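Residue strings, one per chain:
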Amino acid sequence: MAAAWVPVLGLGGYAPLSPAPGAKPRRGWSRPRCCPLFTGVCLLLLLLLLPEPAFSEGAVPIAITCFTRGLDIRKEKADVLCPGGCPLEEFSVFGNIVYASVSSICGAAVHRGVISNSGGTVRIYSLPGRENYSSVVANGIQSQTLSRWSASFTVTKGKSGTQEATGQAVSTARPPTGKRLKKTPEKKTGNKDCKADIAFLIDGSFNIGQRRFNLQKNFVGKVALMLGIGTEGPHVGLVQASEHPKIEFYLKNFTSAKDVLFAIKEVGFRGGNSNTGKALKHTAQKFFTADTGVRKGIPKVVVVFIDGWPSDDIEEAGIVAREFGVNVFIVSVAKPIPEELGMVQDVAFVDKAVCRSNGFFSYHMPNWFGTTKYVKPLVQKLCAHEQMMCSKTCYNSVNIAFLIDGSSSVGDSNFRLMLEFVSNIAKTFEISDIGAKIAAVQFTYDQRTEFSFTDYSTKENVLAVIRNIRYMSGGTATGDAISFTVRNVFGPMRDSPNKNFLVIVTDGQSYDDVRGPAAAAHDAGITIFSVGVAWAPLDDLKDMASKPKESHAFFTREFTGLEPIVSDVIRGICRDFLESQQ
């Protein structure tokens, strides 16, 4: 049998792959050598020109999804079936001709022109890892650069192509038309609808072991990729829990998915006990700082991966995290079996560690195998900003008291408009036992606490009580009402971590002094917004309002004019809250 010959770039001709039977080995019949610069090209040529192995032409290709990656196919060579209609903009492709194994197979096949977006059969060849995967626009897909990856693959047309996933005939890519595709810039801003600062706290203990540790890193990489990391999207960092916690990289270190993926891959297994509580406490206290890349007004999230159970107290760490405004998610894998429960310090450790034990902040996977289906649901949770009850934002970290004028000049119908104004402000905030708190006082010559900060902990109850406030009618003593509210409503909240605000709504001049009581409120750390209607004097409004007066005092001639002021007050509260956090 004659020897097989292949062209070898850099050798000036052909080199045999192996000697013919019976032939004596001689110089030149060794394996072809390529200069290092062209190693990747040589390997690709070899793969394309080698005879087909024992590979059944009639074999049914493996059905895959739009987002199955090269590393998910653990074969040197395989035929796969890509479905049709994959969203081109969601493909993750790194490289050109030779693709990093973290790339979507179907995305690479469309990028290469092997198939169109109608789907079809693709043959994938595994290749070694390499450096400097290039970025090229082709067939509607912008591939991305990657500095280095551990494995690669390339794609050609599949040999077995009976039908594609849609049940239609296999469709291949159209031939080139000669028209140059317009180059689009690589998206670096990230997913703007998923702004969050996220720390992945992975298990690096002997309890998980080296093999499952690698599977855990693989899963975290998938989550990071789907999040849409970018300068204006989510930022992520990584902490490893073991005998002693180690911050592997901070939020500020990487702002692109490819760099995060590479950094995750490079993390080494540490071993030791799974001191998850110790690591969570360390993360809450040391990871989320301005110096490490935390952004103002962005939810802080830590995703804790626990394989089995923690070997220390995690409840206290969860309390510390909540105090620091960190939303704790627990991803538990392989729950302890009945025989192991005796080793668990606290069986209910998940509910005691998460931000809130409402089911939203806990997530379970049975094991580390076949975890791809769990990626998207977890990402959806991490991007649900409105559910981040433990983030310290203006919406969940304020105490707002409303001081409502119930004097005779208001009248019952206008009083209802004032209550609507109060409701529209209150319903914007995340009212809960650990979130924003609302109180209301009605005043004439006398004062009546309608409800205090601790009476109601749900938005529904607060809004219902506001609607049912009864109109008092009487005179106007705003100064006494301010002193009453500071003493009786804010006084019991002296140790509250929330920032205090007082919104005064009045329609006329006060019979008493407002300047002194307002100054005392300011000194007590209470920010005052004054809202005047009809005959309320502008001087009184400014005397009561916090500085700068122009942005804390509002006036409207008609009670119907209160509605546009709602957004101004809300923006003012959020502005003042952010400034107080600096």
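Rules and cut-offs
Residues numbered from 1 in each chain as written. Predicted model: local features only at pLDDT ≥ 70, side-chain atom pairs only at ≥ 80, totals over all residues. Heavy atoms only, no water. UniProt positions renumbered as here; feature names shortened; annotations may be inferred. Axes fitted to C-alpha atoms, helices over the stretch in contact; angles between N-to-C directions. Helix = DSSP H or I, 4+ residues; strand = E, 2+ residues; numbered from the N terminus. Parallel < 35°, antiparallel > 145°, perpendicular 65-115°, else oblique. Left-handed = near helix turned anticlockwise from the far one by under 90°. Contact = heavy atoms within 4.5 Å. Nonpolar A, V, L, I, M, F, W, Y, C, P; charged D, E, K, R; others polar. Core = buried A, V, L, I, M, F, W, Y, C linked by side-chain atoms within 4.5 Å. Buried < 20%, exposed > 50% of the residue type's maximum accessible area, 1.4 Å probe, protein only. Arc of directions from axis to C-beta. Phe/Tyr/Trp six-rings, centres within 6.5 Å; stacked < 30°, edge-to-face > 60°. Pairing = 2+ DSSP bridges. Polar contact = N/O pair within 3.5 Å; in protein donor to acceptor, adjacent residues only side chain to side chain. Right-handed = clockwise from strand over helix to strand, strands pointing away.

- By the naming in an unreviewed UniProt entry, the protein chain goes by Cochlin and is assigned to Pteropus alecto.
- Regarding the protein chain, the UniProt comment filed under Subcellular location (unreviewed entry) reads as follows: "Secreted".

## Concerning the packing of helix H3 (residues 209–227) against helix H8 (residues 372–382)
- It is the contact of H3 with H8, at a shortest axis distance of 9 Å, that shows an interaxial angle of 50 degrees. Classed by the angle they form, the pair H3 and H8 counts as oblique. In the crossing of H3 with H8, the sense of the turn from one axis to the other is right-handed. Together, Phe219, Lys222, Val223, Met226 and Leu227 of H3 and Thr372, Tyr374, Val375, Lys376, Leu378, Val379 and Leu382 of H8 make up the contact between the two elements.
- Looking at the contact of H3 with H8, its residues break down into nine nonpolar, one polar and two charged.

## As for the nonpolar core
- Grouped together as the largest cluster of nonpolar side chains are 69 residues, with contacts concentrated most on Phe200 and Leu227.
- The element contributing the most residues to this core is H3, with seven residues.
- Sequence-distant contacts of Phe200, that is, excluding residues within four places in its chain, are made with Val220, Val223, Leu227, Val236, Gly237, Leu238, Val239, Val303 and Phe305.
- With 41 residues, the next largest nonpolar core counts Ile404, Leu419, Phe421 and Val531 among its residues.

## Some details on helix H12 (residues 515–523)
- Buried residues of H12: Pro517, Ala518 and Ala521, and no others. The arc that holds every buried residue of H12, seen down its axis, measures 100 degrees, which confines them to one face. Turned more than 90 degrees away from the buried face of H12, the exposed residues are Arg515 and Asp523.
- The secondary structure elements touched by the buried residues of H12 are helix H11 (478–490), strand S21 (526–533) and helix H13 (538–544).
- Note on H12: the residue one or two positions beyond its end, Gly525, has a positive phi of about 85 degrees.

## Quick word on the packing of aromatic side chains
- Considering all chains together, one arrives at 21 aromatic pairs under this definition.
- For the pair Tyr99 and Phe153, a centre-to-centre distance of 5.9 Å together with 35 degrees between the ring planes defines the contact as tilted. Taken together, the positions of Tyr99 in strand S6 (residues 98–100) and Phe153 in strand S10 (residues 146–157) put the pair 54 residues apart, joining distant regions of the chain. Considered together, Tyr99 and Phe153 belong to a single accessibility category, that of buried residues.
- Here the aromatic rings of Phe287 and Phe288 are separated by 4.9 Å at their centres, their planes lie at 75 degrees, and the arrangement is edge-to-face. When sorted by exposure, Phe287 lands in the same class as Phe288, which is buried.

## Let's talk about the sheet that holds strand S19 (residues 447–451)
- Spatially, S19-S18-S17-S20-S21-S22 is the arrangement adopted by the six strands of the open sheet, whose pairing is mixed. Both outer strands of the open sheet, S19 and strand S22 (553–556), are each paired with one neighbouring strand and no more. On average, each strand axis in the sheet is inclined to that of its neighbour by 20 degrees, with strand direction left out of account.
- Of the strand pairs in this sheet, strand S17 (residues 398–405) and strand S20 (residues 499–506) are connected by seven bridges, and their pairing is parallel. Among the inter-strand pairings, Ile400 is bridged to a residue of S20, identified as Phe501.
- Its contacts with the sheet put H11 on S17, strand S18 (437–443), S19, S20 and S21, and the angle it makes with S20 is roughly 150 degrees.

## Digging into helix H2 (residues 105–112)
- Of all eight residues in H2, seven are buried; the element is thus mostly enclosed.
- Taken as a whole, H2 has its buried residues at Ile105, Cys106, Gly107, Ala108, Ala109, Val110 and His111.
- Of the residues that open H2, the one with a side-chain oxygen 3.4 Å from the backbone nitrogen of Cys106 is Ser104.

## So, the side chain of Ser432
- With respect to the helices and strands, Ser432 occurs in the loop between helix H9 (412–426) and S18.
- The residues contacting Ser432, other than those within four sequence positions of it, are Arg356, Met389, Lys437 and Ser457.

## Comments concerning the pairing of strand S12 (residues 235–241)
- Across the seven residues of S12, seven count as buried, placing the element largely inside the fold.
- The alternating pattern of S12 places His235, Gly237, Val239 and Ala241 and Val236, Leu238 and Gln240 on opposite faces, both of which are buried.
- Handedness of the crossover joining strand S11 (residues 197–203) and S12 through H3: right-handed.
- Across three bridges, the pairing between S12 and strand S13 (residues 246–249) is antiparallel. Directly across from Val239, in S13, lies its bridge partner Ile247.
- Here S12 hands over to S13 after four residues, the two strands then running antiparallel side by side.

## Here's the deal with the sheet that holds S13
- Pairing in this open sheet of six strands is mixed, and the strands run S13-S12-S11-S14-S15-S16 from one edge to the other. The open sheet has two edge strands with one neighbour each: S13 and strand S16 (362–365). Averaged over all adjacent pairs, the angle separating strand axes in this sheet is 20 degrees, with direction ignored.
- Inspection of the sheet shows S11 paired to S12 by seven bridges, in the parallel sense.

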